[in-house]
Amino acid sequence: MTQRADIGTDGPEPDGHTPVIDAGAELDPVHPREPPPSRRPAASATGLTSAEVAERVARGEVNDVPVRSSRSAVDIVRANVFTRFNAIIGVLWVIMLFVAPIQDSLFGFVIVANTGIGIIQELRAKKTLDSLAVIGEAKPRVRRDGAALSVSTSEIVLGDVVELGPGDKVVVDGEIVEADNLEIDESLLTGEADPVLKRPGDQVMSGSFVVAGGGAFTATKVGREAYAAQLAEEASRFTLVHSELRSGISTILKYVTWMMVPTAIGLIISQLVVKDTDFKNSIARTVGGIVPMIPEGLVLLTSVAFAIGVIRLGRKQCLVQELPAIEGLARVDVVCLDKTGTLTEGGMDVTELRPLNGTDEAYARRVLGALGASDPRPNASLQAIVDAYPDGGEWRATAALPFSSARKYSGATLAEGPADRDGPATTWLLGAPDVLLPTDDPSLAEVDALNREGLRVLLLARAARPLDAPSPAQGAKPAALVVLEQRLRPDASETLRYFEDQNVAAKVISGDNAVAVGAVAAKLGLPGASATVDARKLPAEREAMGEEIDANAVFGRVSPQQKRDMVGALQSRGHTVAMTGDGVNDVLALKDADIGVSMGSGSEATKAVAQIVLLNNSFATLPSVVAEGRRVIGNITRVATLFLTKTVYSVLLAILVVCSQVEYPFLPRHLTLLSTLTIGVPAFFLALAPNKERAKPHFVRRVMRYAVPAGVIAAAATFATYLLARSHYSGTGALDAETSAATLCLFLVSLWVLAIVARPYTWWRIGLVATMAGAFLLVLVVPWLQEFFALKLVGTVMPWAAVAIAATAAAVLEIAWRWVGRRFPA
């Protein structure tokens, strides 16, 4: 059995490729069987011709899985229109259109308007997401007519030759036709952590990604036949990851349904059977009791808040691939940052070359030039070396070991002289000095000094062993230090300050030297940057690792698997973790983090697993995402309290009416007016207001702990006023006078609930509450509005009694609000 390249191989194969493990036997459950010969497209390393592509498109052999960033328009309309509560309200609305004046059917028109608003906002969000998804879509390189060109994923056809390089995602199933030390990570499909070396003839699956080396494969399965598509229609990105907000609202609606059904039945029996009153009036009052039990606007406002959040972030070039990610990032209390590409820009500059052990500087330059030329797709560090030392002379690479985040170095065997003359061959390694050298090597002191200045240092070392040896770095002799300067992102410092102000702990997790990472973090003002930790010394046990990570802020020499373990250790300690990154070494951690954030310039594999992609590559966009999430969750928690207070008092009023065997005090028009002024209009403004408070868990408990006492107090005050009015008024028009007094009391108590929910006060919040009070006053004083809403206060005793009862209820509300806050903290 041959071994993986990073731990050595038994020797080169006759075709010049490094031998690899034949992983097919181990991964049978995942690797698809080879397609029968009749189905296998003819492949050429030069790719298909335009005529062959057109022929395959005509046959439908195209990768036609729809890449969507949101629900389809039909799904959006269906989800907003065909709901359980819309069905109930729709039936009641139709009934009211036949038995009562139009003003008693206003609630139906409000629902139609609300549904329309929800559909329009979500369609706007879909348009924004779809346009951003096109910008951030993967563009694989395929060979056609003998040339390589970038095409969209959906344009790949059966038989296309697709090129692969570090960080590329395998977008369709295929068979390797070229491999240059090609290492594929299949962990997202198989759970196997170690990358698998591939050679010509091996199978690759969609959903895996390249961690090192390069090559090309022929597409053997496209569209819905591809493995990843068969797993879970992976291309449909509207996957609702866990959302406490959505699941909490669903739980609330379930309980509301349980309460509503028996209460509504009792109310119907009470009003239509027991009470011998006008039939149409009884129906109107029965419907008036049922409709307000339904928190119909709560789901709408949640959808609108999410949709507007997506639109706002879209304007800042932030692609939200999974909508609840907005909510998730608002709950984050730890953000793990990869240094390269996040705190620093992707590019680097070589500032100095320091020869060691008497190495000639010109000779070292030629070696570096030849090493750069040996890698067709250099990473940022090697690209800086290529730019600084473009001339490798007549040296050529006869074998290569590509860079891997697990190894921390790359290498090549270089033959001196032109290709037609065999010159002496030497093997060179380029990578992390503290990995390539023993801990007591004197060169490391010089490296540490440079790292403390925030510089990145690579070691050029002459290997004493061949690349296919079990440990090619063993016995390597240092030849030169390559000093690189990283470009700090100008907005990184301000962003780190934002996280500090918001009590979000920032952890810098990097594969680079810990001292160098700490120096960069210190320049950016990260708290705790002076205390750095070498991840190779971290304990393997999860609890101990979590304690160490909690206590420190900067970690260097972190392997890709360790990044994943560190995220898991933080989560095990109750943290909500966001992970940012742009490299293939970040993929596993991004996948496991509560929220994965990728840079738009990052690898295709990174963008594929992230919930949020910063298309403008600006780390400074993150605060906007956090703020948007906090706005959504904090404000939905506020307005949910308003909606559920109404549900609670409506259910209790109905129960009290059934038990007392009296007419239900309200017509639908009364509760439509109250709902509009104390919930509907204010909730819309409150749901879209700024809110910087970090989201807290236990959404249902946080909402119900206030809604239940508020609803109980409102119901008790209103019913007391109604009973008092029934004993005060008599004769013709008594029921209308009783209803008006009860409506006044319920409005004042509901307005006070709104005033509490609107805190802390700002000028516009005070203005909002005052405007709602003024609108109700207008209804009471304008004659035609009095008649339209059937509201006319009779006399002075009962109206003032209603005000007094409401004032008492408001005082009890304040006491209850404070007591609940202390007794049941969130």
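Presented here is an overview of the structure given in this document. (Residues numbered from 1 in each chain as written. Predicted model: local features only at pLDDT ≥ 70, side-chain atom pairs only at ≥ 80, totals over all residues. Heavy atoms only, no water.)

Within the span of helix α14 (residues 443-451), buried status applies to Ser443, Leu444, Val447, Leu450 and Asn451. Summarising the axial view, the buried residues of α14 lie within an arc of 115 degrees, below the 170-degree limit, and thus occupy one face. (Buried < 20%, exposed > 50% of the residue type's maximum accessible area, 1.4 Å probe, protein only. Helix = DSSP H or I, 4+ residues; strand = E, 2+ residues; numbered from the N terminus. Arc of directions from axis to C-beta.)

Taking burial as the measure, the 13 residues of strand β4 (residues 173-185) include 10 buried ones, the bulk of the element. Note that β4 and strand β7 (residues 209-221) share 10 bridges and pair antiparallel. Bridging from a neighbouring strand, glycine 174 pairs with alanine 219 of β7. Bridge analysis of β4 against strand β5 (residues 196-198) gives 3 bridges, and the strand direction is antiparallel. Note on β5: the bridge partner recorded for leucine 182 is lysine 198. (Pairing = 2+ DSSP bridges.)

Within the secondary structure, arginine 631 is located in helix α21 (residues 622-660). On the accessibility criterion, arginine 631 (3% relative accessible area) is buried. Residues arginine 631 and isoleucine 326, spaced 305 residues apart in sequence, show a C-alpha to C-alpha distance of 9.7 Å. When neighbours within four sequence positions are excluded, arginine 631 is seen to be in contact with Ala305, Ile308, Gly309, Arg312, Ala687, Leu688, Ala689, Pro690 and Asn691. Reaching out from arginine 631, the side chain makes a polar contact with the backbone oxygen of alanine 687 at a distance of 2.9 Å. (Contact = heavy atoms within 4.5 Å. Polar contact = N/O pair within 3.5 Å; in protein donor to acceptor, adjacent residues only side chain to side chain.)

Tallied over the full model, the rule gives 9 aromatic pairs. Taking the centre distance of 6.1 Å and the plane angle of 85 degrees together, the rings of phenylalanine 684 and phenylalanine 685 count as edge-to-face. Looking at phenylalanine 684, the relative accessible area reads 33%, which means it is partly exposed. Relative to phenylalanine 776, the ring of phenylalanine 747 has its centre 3.9 Å away and its plane inclined at 10 degrees; by these criteria the two rings are stacked. One end of the pair, phenylalanine 747, is in helix α24 (residues 734-757); the other, phenylalanine 776, is in helix α25 (residues 763-781), with 29 residues separating them in the sequence. A single burial state applies to phenylalanine 747 and to phenylalanine 776, both of which are buried. (Phe/Tyr/Trp six-rings, centres within 6.5 Å; stacked < 30°, edge-to-face > 60°.)

Our focus in this paragraph is the sheet that holds strand β8 (residues 318-320). Here 8 strands make up an open sheet; going across it, the order is β8-β21-β20-β19-β9-β16-β18-β17 and the pairing mixed. A strand with exactly one partner marks an edge of an open sheet, and here the two such strands are β8 and β17 (532-534). When the angles between neighbouring strand axes are averaged without regard to direction, this sheet yields 20 degrees. When strand β9 (residues 334-337) meets strand β16 (residues 505-509), the two strands line up parallel, connected through 4 bridges. Bridge assignment links valine 335 to a residue of β16, and that residue is alanine 506. (Axes fitted to C-alpha atoms, helices over the stretch in contact; angles between N-to-C directions.)

This part is about empty space enclosed by the protein. Per the counting criterion, the structure on display carries 5 cavities of 30 Å³ or more. Within this model, the largest cavity holds a volume of roughly 190 Å³. Around the largest cavity, the lining comprises 18 residues; the ones closest to its centre are Ser374, Asp375, Ala400, Leu401 and Pro402. Secondary-structure elements contributing two or more residues to the lining of the largest cavity are β4, β7, β11 (396-401) and β12 (409-415). Counted by class, the lining of the largest cavity contains 9 nonpolar, 6 polar and 3 charged residues. Considered as a void within the structure, the second largest cavity measures approximately 60 Å³ in volume. (1 Å grid on protein atoms, 1.4 Å probe; cavity = no way out; pocket = protein on both sides within 12 Å on 5 of 7 lines; lining within 4 Å. Points joined across faces, edges and corners; volume = space filled by probe spheres on them. Nonpolar A, V, L, I, M, F, W, Y, C, P; charged D, E, K, R; others polar.)

This paragraph deals with the pattern of salt bridges. Tallied over the full model, the rule gives 24 salt bridges. With a shortest N-O distance of 2.7 Å, arginine 354 and glutamate 352 are connected by a salt bridge. On the accessibility criterion, arginine 354 (23% relative accessible area) is partly exposed. The class for glutamate 352 is partly exposed, based on a relative accessible area of 32%. In this structure, arginine 536 engages aspartate 534 in a salt bridge whose closest nitrogen and oxygen atoms are separated by 2.8 Å. Within this structure, Arg141, Arg143, Glu163 and Glu178 form a network of salt bridges that share partners. (Salt bridge = Lys/Arg side-chain N within 4 Å of Asp/Glu carboxyl O.)

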